Amino acid sequence: SAASDVYKRQPCPMKTEPETRKLFIATCDTRSGWKEFQAMKLWNVTGEYLRKDGIHMKNVCKGENWGRYGFLTKPLIYLNYIKSLMTLSDAPLTHIVLMDSDTFWSVGTAKKVWNKYDCARGNKNVVISTEMSCWVGRYCQQADLDRWYSNLKSVPSYSPFVNSGVVMGQLSSVAKMLEYVITNNQSYYTTYVKHKFDDQYAIADYGINIAPTEVALDYHQQISASASIHAVSYTHLTLPT
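Model, not experiment: these values are computed from the prediction.

1. Details of the packing of helix H7 (residues 171–183) against helix H8 (residues 199–210)
Item 1. Two numbers describe how H7 lies on H8: the axes approach to 10 Å, and their chain directions differ by 115°. By the angle class used here, H7 and H8 are roughly perpendicular. By crossing handedness, the relation of H7 to H8 is classed as right-handed. Packed against H7, whose contacting residues are Lys-176, Met-177, Tyr-180 and Val-181, the element H8 presents Ala-202, Ile-203, Tyr-206 and Ile-210 at the interface.
Item 2. Classifying every residue of the contact of H7 with H8 by side-chain character gives seven nonpolar, no polar and one charged.

2. Notes on the state of the cysteines
Item 1. If you walk through the whole model with that rule in mind, you get two disulfides.
Item 2. Disulfide partner of Cys-134: Cys-140, at an S-S distance of 1.9 Å. Because the sign of the S-S torsion sets the handedness, a value of about -65° for the bond joining Cys-134 and Cys-140 places this disulfide among the left-handed ones.

3. Focus on the sheet that holds strand E5 (residues 161–170)
Item 1. With respect to topology, six strands assemble into an open sheet ordered E2-E1-E3-E5-E4-E8, the strand pairing being mixed. Single-partner strands in this sheet number two, and they are strand E2 (56–59) and strand E8 (215–218). Looking at each pair of strands side by side, their axes are set apart by 25° on average, direction ignored.
Item 2. This element, helix H5 (residues 110–121), spans strand E1 (22–27), strand E3 (94–99), strand E4 (126–131), E5 and E8 of the sheet and lies at about 115° to E5.

Calculation rules
Residues numbered from 1 in each chain as written. Predicted model: local features only at pLDDT ≥ 70, side-chain atom pairs only at ≥ 80, totals over all residues. Heavy atoms only, no water. Axes fitted to C-alpha atoms, helices over the stretch in contact; angles between N-to-C directions. Helix = DSSP H or I, 4+ residues; strand = E, 2+ residues; numbered from the N terminus. Parallel < 35°, antiparallel > 145°, perpendicular 65-115°, else oblique. Left-handed = near helix turned anticlockwise from the far one by under 90°. Contact = heavy atoms within 4.5 Å. Nonpolar A, V, L, I, M, F, W, Y, C, P; charged D, E, K, R; others polar. Disulfide = S-S within 2.5 Å. Pairing = 2+ DSSP bridges.

As far as function goes, none of this settles anything; it's purely spatial.
Structure below.
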């Protein structure tokens, strides 16, 4: 159909020249012992080939506690980790992936990761994943759609909503985003269930309203894909007689 043709994406060609950039991958899970093993198993197993390909992967929240700063703990620890990487001699060429620990890898080489990143980012230095359902600390209400997603018809896919589960970009650019989120954290508290800071709420606003010229949204789910499960509408089924 004409609508589906609009959403088609041409695959990006793989680079032939050697890759000079360096990549670190971080996740944040504070559990320990067998709980950590269970929580991190999928991430660790599917990332094995990337580690063999020279990518450093780390759970930067191991042994930490959510008690003092709540959900602000994650961006604080991520920012400290990135600042430690920024002391490296090749920091300008170094990139970071921040991802949820319940995410699994479907690529087995660093080259493919770089290819998908470059394809998704265009000329921007940060890519944020998207999904097919709208969440900003709660399931979106009309006011949320009006604030962030008032022009959904212009989105080139069926995945228009920001998902902070995977972020990839240059160290300095991702650090800038986290610094903004931390400094302005009081603006990103939600009362859904309880009063708490929500990083997806903050990062969605940063990518869409605060720094859209610096952030690319991965509308075609090239660096990250989310499953979307919908109930079957029986009114559209033809039942046997």
